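Take a look at the letters that make up each chain.
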Amino acid sequence: MTQTNAPTIAIACGGTGGHIFPGLAVAEQLVKRGCSVTVLVSPKEVDQQAVKMARDVEVLTLPAVGLQNRNYFSFARSFVKSWLAARKAFASCTPAAALAMGGFTSAPPVFAAKQFGAKTFLHESNTIPGKANRWLSRFVDECFVGFPQTASRLHTKNVLVPGTPVRPQFKPRDAAACRIALGLDPDRPTVLVMGGSQGASGINDLVTGSLSMLAAREPRMQFFHLSSPADVEKVRKAYAEKNLSAVVHGFFGEMDTALGAATVAVSRSGASSLAEIAAMRVPSILVPFPAAADNHQFFNAKAFDETGAAQLLEQKNSTPEKFANLILDLATSAVTREKMQSALAKWHAPQAAEQIAETMLKLIAHGTERAGAKSPDASSGCGCGGEHRHELRVKSAA
């Protein structure tokens, strides 16, 4: 970490794509405001792949932290190792603020930053907060949430509801151009299949099991399928056997292009994926990951389904016939898709990343003023001409 005259902000966002990509969206807004941003991630492959796309930020890899199989000793050891690594980094350049984007990976850096006097924040994107964020919410200065109903489930009243940030490239695109970029026919209806940043075997099996019906009823349909590396060959073979056009990848980084190409998407219902789907207005069938903590993906999908913004299909209740009928209904009915797109627009929070960045900077400046400081970091170092130097208005949970 290198010292600059601008405020340094630490964003801890490792573990899954659902934590990383919203964190990078906030980082981009802070960089635009002149801040120096350090993004802290875990050694996981999904983290390392995602941060390759980050621009104008410093990336610091910390030891992974996770509670698995109730192995509390291993968890405590990895937590302390991550905390010590963050403390060492912050000793050379103390952040003015630290933002946790969720998961146990993000907690140690926040506690390390707090010891150096930094303002601390967290963002919870799901309807049901994760264990790490429920616990961490007691200790931070401000919480941000993606769903209004999340606020009452955190252990604080300092909660704002900006939504879940998405990167600026996630906006409606020309479908034909996106299909050409992906090696697809620009004029054929396109189904995007995605199981999150690491794929989903349950979705792969659901889709491949329905291919006979889809091929019989809509042979022009084509697929862009993100399967996870382990299932690539099996999924490719399934499409080839039914003579269906498909491009299959184990991992794909340009999700804005993939969503832009889609007539219909089939997706898990992590909050970050839903925010991107809403931003790009893609009609979708949501298949919640049944083993997600506290079944939070089901409640995310239910919120979209109840407002007409997506179709909820629980994996345990799905059949190839039911799935095929849902796909065909969305793919062949422009009226159905338009209604869903209208509902999706209401879920899009285009200013979420900007609002989070602004709130953080206001609280930094407010805290500095109360301490009687007149440093350039607080007044103009973030490139905002001192406009943040007024009292923060804190909202309480409903």
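Here the structure is shown first, and the text comes after it.
Residues numbered from 1 in each chain as written. Predicted model: local features only at pLDDT ≥ 70, side-chain atom pairs only at ≥ 80, totals over all residues. Heavy atoms only, no water.

A. Structural context of the overall build of the protein chain. The helix and strand tally for the protein chain stands at 16 helices and 13 strands. Here the protein chain holds 398 residues, and the buried ones make up 55% of them. As presented, the protein chain carries roughly 16,800 Å² of accessible surface, and 50% of it is formed by carbon and sulfur atoms. (Helix = DSSP H or I, 4+ residues; strand = E, 2+ residues; numbered from the N terminus. Buried < 20%, exposed > 50% of the residue type's maximum accessible area, 1.4 Å probe, protein only. Areas by Shrake-Rupley, 256 points an atom, 1.4 Å probe, with all protein chains shown as cover.)

B. Inspection of the pattern of salt bridges at higher detail. Within the structure shown, the criterion is met by 8 salt bridges. The shortest N-O distance in the salt bridge between R33 and E354 comes to 3.3 Å. In this pair, R33 sits in the loop between α1 (17–32) and β2 (36–41) while E354 sits in helix α15 (residues 352–370), placing the two residues 321 residues apart along the sequence. By relative accessible area, E354 is classed as partly exposed at 31%. (Salt bridge = Lys/Arg side-chain N within 4 Å of Asp/Glu carboxyl O.)

C. Summary view of the sheet that holds strand β10 (residues 245–249). Pairing is parallel in the open sheet, where 6 strands are placed in the order β10-β9-β8-β11-β12-β13. The open sheet is flanked by β10 and β13 (311–312), the only strands paired with a single partner. Packed onto the sheet, helix α13 (residues 320–332) meets β8 (190–194), β11 (264–267), β12 (284–286) and β13 and runs at close to 145° relative to β11. (Pairing = 2+ DSSP bridges. Contact = heavy atoms within 4.5 Å. Axes fitted to C-alpha atoms, helices over the stretch in contact; angles between N-to-C directions.)

D. Focus on the packing of helix α3 (residues 72–92) against helix α4 (residues 107–115). Interhelical geometry of α3 versus α4 gives an angle of 45° and a closest axis separation of 8 Å. When the interaxial angle is binned, α3 and α4 end up oblique. Seen along the crossing, α3 lies across α4 with a hand that is right-handed. Within the contact between the two elements, α3 uses F79, S82, W83, A86, R87 and F90 and α4 uses A107, P108, P109, F111, A112, A113 and Q115. In terms of residue class, the contact of α3 with α4 is made up of 10 nonpolar, 2 polar and 1 charged. (Parallel < 35°, antiparallel > 145°, perpendicular 65-115°, else oblique. Left-handed = near helix turned anticlockwise from the far one by under 90°. Nonpolar A, V, L, I, M, F, W, Y, C, P; charged D, E, K, R; others polar.)

E. Inspection of the side chain of H19 at higher detail. In this fold, H19 is placed in helix α1. Side-chain polar atoms of H19 contact the backbone oxygen of G102, separated by 3.3 Å. Leaving out residues up to four positions away in the same chain, H19 has contacts with C13, G14, M101, G102 and G103. (Polar contact = N/O pair within 3.5 Å; in protein donor to acceptor, adjacent residues only side chain to side chain.)

F. How the structure looks around the environment of T257. Structurally, T257 can be placed in helix α10 (residues 255–261). Put simply, T257 and L182 are 75 residues apart on the chain and 7.8 Å apart in space, counted from C-alpha to C-alpha. The residues contacting T257, other than those within four sequence positions of it, are R173, C178, A181 and L182.

G. Local environment of the nonpolar core. In this structure, L192, F224, Y239, F304 and I327 are the most contacted members of the largest nonpolar core, which totals 64 residues. When near neighbours in sequence (up to four residues on either side) are disregarded, F224 contacts L182, L184, V191, L192, V193, V247, H249, F252 and A258. In terms of nonpolar packing, the next biggest core, distinct from the first, is built from 31 residues, A54, A97, I356 and L361 among them. (Core = buried A, V, L, I, M, F, W, Y, C linked by side-chain atoms within 4.5 Å.)

H. Spatial organisation of the sheet that holds strand β6 (residues 142–145). Strand order across the open sheet formed by 7 strands is β3-β2-β1-β4-β5-β6-β7, with parallel pairing between neighbours. What marks the edges here is a single partner per strand, and that holds for β3 (58–61) and β7 (159–160). Relative to β6, strand β5 (residues 119–124) runs parallel, the two being bridged by 4 bridges. The residue of β6 that forms the bridge with F121 is E142.

I. Looking closely at unusual backbone geometry. With phi around 85°, S228 is a residue other than glycine that occupies positive phi space. Positionally, S228 belongs in the loop between β9 (222–226) and α9 (232–241). On the basis of relative accessible area, S228 is assigned to the buried category, the value being 9%. Residue R281 is not a glycine yet carries a positive backbone phi of 60°. Overall, R281 belongs to the partly exposed group, its relative accessible area being 23%.

J. Inspection of the pairing of β5 at higher detail. Of all the 6 residues making up β5, 5 are buried; the element is thus mostly covered by neighbouring parts of the structure. Regarding the hand of the β-α-β motif, the stretch spanning strand β4 (residues 97–100), α4 and β5 is right-handed. For the crossover from β5 across helix α5 (residues 131–136) to β6, the handedness is right-handed. (Right-handed = clockwise from strand over helix to strand, strands pointing away.)

K. Local environment of helix α12 (residues 296–306). The complete set of buried residues in α12 reads H296, Q297, F298, N300, A301, A303 and F304. Tucked into the core, α12 has its buried residues touching α11 (271–280), β12, β13 and α14 (334–345). Of the residues trailing α12, G308 is marked for its positive phi of about 80°.

L. Broad picture of the packing of aromatic side chains. Taken as a whole and assessed by the stated rule, the structure comprises 10 aromatic pairs. Relative to F144, the ring of F121 lies with its centre 5.9 Å away and its plane at 10°, an arrangement referred to as stacked. You can see F121 sitting in strand β5 and its partner F144 sitting in strand β6, a full 23 residues away along the chain. Considered together, F121 and F144 belong to a single accessibility category, that of buried residues. The interplanar angle of 45° and the centroid separation of 4.9 Å between the aromatic rings of F223 and Y239 together place this pair among those described as tilted. Highlighted residues: F223 in strand β9 and Y239 in helix α9, separated in sequence by 16 residues. What makes Y239 buried here is its relative accessible area of 1%. An aromatic cluster is built from F79, F111, W135 and F139, whose rings are joined through pairwise contacts. (Phe/Tyr/Trp six-rings, centres within 6.5 Å; stacked < 30°, edge-to-face > 60°.)

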